[in-house]
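Listed below are the residues making up each chain.
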Amino acid sequence: MEKQEDLMKILKGIFIILLHLALGHLCAGVIGDFIPASVWGMVLLFASLMLGVVKPDDVKTVAHFLTDNMTIFFLPAAIGIMDQWALIKMNLLAWLAVVLISTVLVMLTTGLLQQWLMSITKKKGSDD
Amino acid sequence: MIKEVITSVPVMLCLTVGAYLLGCWVKKKSALSLLHPFLISIPVIIAILWCLDIPCSVYLESNKLITFLLGPCVVSLGLMLYEHRQTIKQFCFSILVTVFVGSAVGVGSVWALCELFKLDDVFFDSLAAKSVTTPIAMDLTSMLGGNVSLAAISVVLCGFSGAIIGPLVLRWAKIKAPVAKGLAMGCASHGLGTARAVEMGALEGAVGGLSIALMGLATSLVVSVI
């Protein structure tokens, strides 16, 4: 009996996630696709959970399965690089440099900024 | 006849799922946190396609089913945000400011560096979203008109580089606050950075996890402005 209920819960989770993706496509069409449909869907699911329209328990199993195994879903896309290899090979060093330098820059600015913002808000708090 | 069977959809799907399972198995056996399943699956799939002389396009066409699931994957990140809502509430202002500045620096630095190295436009269009988690980065890239495969590979490279040198950079820059460490790892190197942040501590991991979703949203907005 319990097994059957678990399966129904998985189906419910699949339905809720697909529904939010569909609503995301609707938002992208109506409001604007400056935000991709999938990201609209993510925001909508967050909103539904916060508003209590969707119970976290109903989507937990399916959502964790998808996010924990995210790698498998972009393996085919990454394989597509075989067709692009000539382009990369020609600019290999520059490509590596752009990715590495930019990654370190983002890390430094976010880390230092966050630390600084927290230190000033903490000081304000202690003054009160 | 054999060729038709080999290039059929179920066989091509088995190749993807099988290579991923193999990657997970090797990672588990080796117990090395940096030996990501991606590093094993990709060479295995490429080698098999190459040996059997199967064109890349046939493989991609057959794997549309798996690629489709990237959308639901992004939607599921909404639950991740929800699970970290307490942390968001606690540091709401500073985290939002930092994530927006971080995504602007990410997109801006890629633009500047591409100009500096005189790279083709396709590189900027494909690398702009490189600090964002792969499924979102791919959507943003196709919006910009870049190459989705180049984006996927760049995002993974960005993830590995951040996960490997991140702890050194953080120590060198004297970034010690757990929230700042987690945010730096998550903003710069998405899921792979967060996996490393989890090893630093629970708060670092939680902040890293929520910054994956926030960074995706912030970069969408930054990219839409340009």
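Residues numbered from 1 in each chain as written. Chains lettered and ligands numbered in written order. Predicted model: local features only at pLDDT ≥ 70, side-chain atom pairs only at ≥ 80, totals over all residues. Heavy atoms only, no water.

Segmentation of chain A into domains returns domain 1 (1–68) and domain 2 (77–128). Between the C-alpha centres of domain 1 of chain A and domain 2 of chain A the distance comes to 29 Å. (Domains from an automatic or database assignment.)

Turning our eyes to something else, we now look at the pattern of salt bridges. A complete count under the given rule lists 6 salt bridges over all chains for this structure. Ionic pairing is found between A:K60 and A:D57, a salt bridge with its closest N-O pair at 3.3 Å. Taken together, the residues A:K60 and A:D57, both in helix 3 (residues 56–68) and 3 residues apart, mark about one turn of the helix. Residue class for A:K60 comes out partly exposed when judged on its relative accessible area of 36%. Judged by relative accessible area, A:D57 falls into the partly exposed class, the value being 41%. For B:E199, the salt bridge identified is with B:R196, shortest N-O distance 3.3 Å. (Salt bridge = Lys/Arg side-chain N within 4 Å of Asp/Glu carboxyl O. Helix = DSSP H or I, 4+ residues; strand = E, 2+ residues; numbered from the N terminus. Buried < 20%, exposed > 50% of the residue type's maximum accessible area, 1.4 Å probe, protein only.)

Once that is clear, we can look at the packing of aromatic side chains. Per the counting criterion, the structure on display carries 2 aromatic pairs over all chains. With centroids separated by 6.2 Å and ring planes inclined at 70°, the aromatic side chains of A:F34 and A:W40 adopt a geometry described as edge-to-face. Considering the side-chain rings of A:F74 and B:F38, the 6.0 Å spacing of their centres and the 45° angle between planes classify their relative orientation as tilted. Remark: B:F38 occurs in helix 3 (residues 37–51) and A:F74 occurs in helix 4 (residues 70–79); the pair is interchain, linking two chains. The residue whose ring lies beneath B:R85 is B:Y82, and the NZ or CZ to ring-centre distance is 4.0 Å. (Phe/Tyr/Trp six-rings, centres within 6.5 Å; stacked < 30°, edge-to-face > 60°. Lys NZ or Arg CZ within 6 Å of the ring centre and 35° of its normal.)

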